[in-house]
Amino acid sequence: HAETFHGIIIHSRMARAFWREPFSGGGTPPDCYSNDMMTGVGDPGGDCESCPMNEFGSDPNKETQAKACSESRLLFVLLPDDNSGVRLMPIVLKVPPASLRNSKKFLLNLATNVKAKMWGVVTEFSLSKERNAKGMDYAEIHFKPLKVLAPEVMEGFQKHRKSLMPMLDRAAEAMLREGDDTVPDTEPI
């Protein structure tokens, strides 16, 4: 049974984060992170492309081919409100490594087949329970375009998006730097 919700994606940002110690609970800042997927800040820091933590199989805490430096996609999503509109402030959906391929395929499909920007489509997000080769269960996120918005509505979301971009980028950087999955300095939704 899949859990679903829908909303409008107004921003997408890829990121990397590396922790030397195994996960022991949320809120621990990463030893190294990258806001641009190219340059790591912290230890080891430097060029992400040549970093040994960015190689498949480098995670000593997993018996898989996982990278020690994990990649994720941060999606800023406007959810519906109670008045048939959307809330003005987005939630952040952190897409984990296991769902990155799904998010990339979805965004590529929007651009090539649907011919719409991510903020010009109402997207359905659903979770399914999957099992890896080691028998461990995990949740996978699936994305589906539900409705292409009218051009004037899409233009309104583009303007709203543009006004929020500086705050969204600062929030994404703070989330990475602090190892937190919440967006700081925003009003509750």
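See above for the structure.
The structure presented is a predicted model; accordingly, all values stated were derived computationally and were not measured. (Residues numbered from 1 in each chain as written. Predicted model: local features only at pLDDT ≥ 70, side-chain atom pairs only at ≥ 80, totals over all residues. Heavy atoms only, no water.)

### Things to note about the overall build of the protein
Logical step 1: Of regular secondary structure, the protein possesses two helices and eight strands.
Logical step 2: Long-range contacts, defined here as pairs at least 24 residues apart, represent 57% of the contacts in the protein between residues at least 6 apart. (Helix = DSSP H or I, 4+ residues; strand = E, 2+ residues; numbered from the N terminus. Contact = heavy atoms within 4.5 Å.)

### Notes on the nonpolar core
Logical step 1: Ranked by size, the top nonpolar core spans 31 residues in total, and within it Ile-10 and Leu-75 carry the most contacts.
Logical step 2: Among the elements of the structure, β1 (4–18), β5 (69–78), β6 (91–95), α1 (100–114), β7 (121–131), β8 (137–148) and α2 (151–178) are those that each provide at least two residues to this core.
Logical step 3: The element contributing the most residues to this core is α2, with seven residues. (Core = buried A, V, L, I, M, F, W, Y, C linked by side-chain atoms within 4.5 Å. Buried < 20%, exposed > 50% of the residue type's maximum accessible area, 1.4 Å probe, protein only.)

### Here we look at α1
Logical step 1: In a regular helix each residue adds 1.5 Å, so 15 residues correspond to 21 Å; α1 covers 20 Å between its end C-alpha atoms and thus fits that length.
Logical step 2: Leu-100, Ser-103, Phe-106 and Leu-110 are the residues of α1 that are buried.
Logical step 3: Tucked into the core, α1 has its buried residues touching β1, β5, β6, β7 and β8.
Logical step 4: Of the residues trailing α1, Lys-115 is marked for its positive phi of about 60°. (Expected span 1.5 Å × (residues − 1).)

### A word on α2
Every α-helical turn comprises 3.6 residues, leaving residues that sit three or four positions apart pointing alike.
Logical step 1: Taking 1.5 Å per residue as the helical rise, α2 with its 28 residues ought to reach 40 Å, and the 38 Å between its terminal C-alpha atoms agrees with that figure.
Logical step 2: Where α2 bends most, at Leu-164, the angle is about 50°, and the proline Pro-166 comes one to four residues later.
Logical step 3: Listing the buried residues of α2 in full gives Met-154, Phe-157, Arg-161, Leu-164, Met-165, Leu-168, Ala-171, Ala-172, Ala-174, Met-175 and Leu-176. (Bend = angle between axes of the 7 residues up to and from the residue.)

### Points about the pairing of β5
Successive residues of a regular strand alternate their side chains across the two faces of the sheet.
Logical step 1: Burial runs high along β5: nine of the ten residues are buried.
Logical step 2: Of the strand pairs in this sheet, β1 and β5 are connected by ten bridges, and their pairing is antiparallel. Looking at the pairing, Phe-18 lines up with Cys-69 of β5.
Logical step 3: Direction of pairing for β5 relative to β6: antiparallel, over a ladder of five bridges. (Pairing = 2+ DSSP bridges.)

### Regarding the packing of aromatic side chains
Logical step 1: Here the structure, examined in full by the defined rule, presents three aromatic pairs.
Logical step 2: Each ring, one from Phe-106 and one from Phe-143, has its centre 5.7 Å from the other, and the planes form 25°; the classification is stacked. Taken together, the residues Phe-106 in helix α1 and Phe-143 in strand β8 connect sequence positions 37 residues apart.
Logical step 3: Taking the relative accessible area as the measure of exposure, Phe-106 reaches 5% and is therefore buried.
Logical step 4: Geometrically, the ring pair formed by Phe-125 and Phe-143 is edge-to-face, given 5.7 Å between the ring centres and 75° between the ring planes. Pair noted here: Phe-125 is in strand β7 and Phe-143 is in strand β8, with a separation of 18 residues, a long-range link. When sorted by exposure, Phe-125 lands in the same class as Phe-143, which is buried.
Logical step 5: Joined through ring pairs, the aromatic side chains of Phe-5, Phe-106, Phe-125 and Phe-143 make up one cluster. (Phe/Tyr/Trp six-rings, centres within 6.5 Å; stacked < 30°, edge-to-face > 60°.)

### Observations regarding unusual backbone geometry
Logical step 1: Here the amide bond leading from Asp-43 into Pro-44 is cis, since omega sits at 20°, within 30 degrees of zero.
Logical step 2: Along the chain, Pro-44 turns up in the loop between β3 (39–42) and β4 (46–47).
Logical step 3: For Met-37, which is not glycine, the phi dihedral falls at a positive 70°.
Logical step 4: Position of Met-37 among the secondary structure elements: in the loop between β2 (32–34) and β3.

### A few points about the pattern of salt bridges
Logical step 1: For the coordinates displayed, the defined rule picks out eight salt bridges.
Logical step 2: Across the pair Asp-169 and Arg-13 runs a salt bridge whose closest N-O atoms are separated by 3.0 Å. Within this pair, whereas Asp-169 is found in helix α2, its partner Arg-13 is found in strand β1, the two being separated by 156 residues in sequence.
Logical step 3: With relative accessibility at 12%, the residue Arg-13 sits in the buried group.
Logical step 4: With a closest N to O distance of 3.2 Å, Glu-173 and Arg-13 form a salt bridge. Remark: Arg-13 occurs in strand β1 and Glu-173 occurs in helix α2; sequence separation between them is 160 residues.
Logical step 5: On the basis of relative accessible area, Glu-173 is assigned to the partly exposed category, the value being 27%.
Logical step 6: Through salt bridges with shared partners, a single network forms among Arg-13, Asp-169 and Glu-173. (Salt bridge = Lys/Arg side-chain N within 4 Å of Asp/Glu carboxyl O.)

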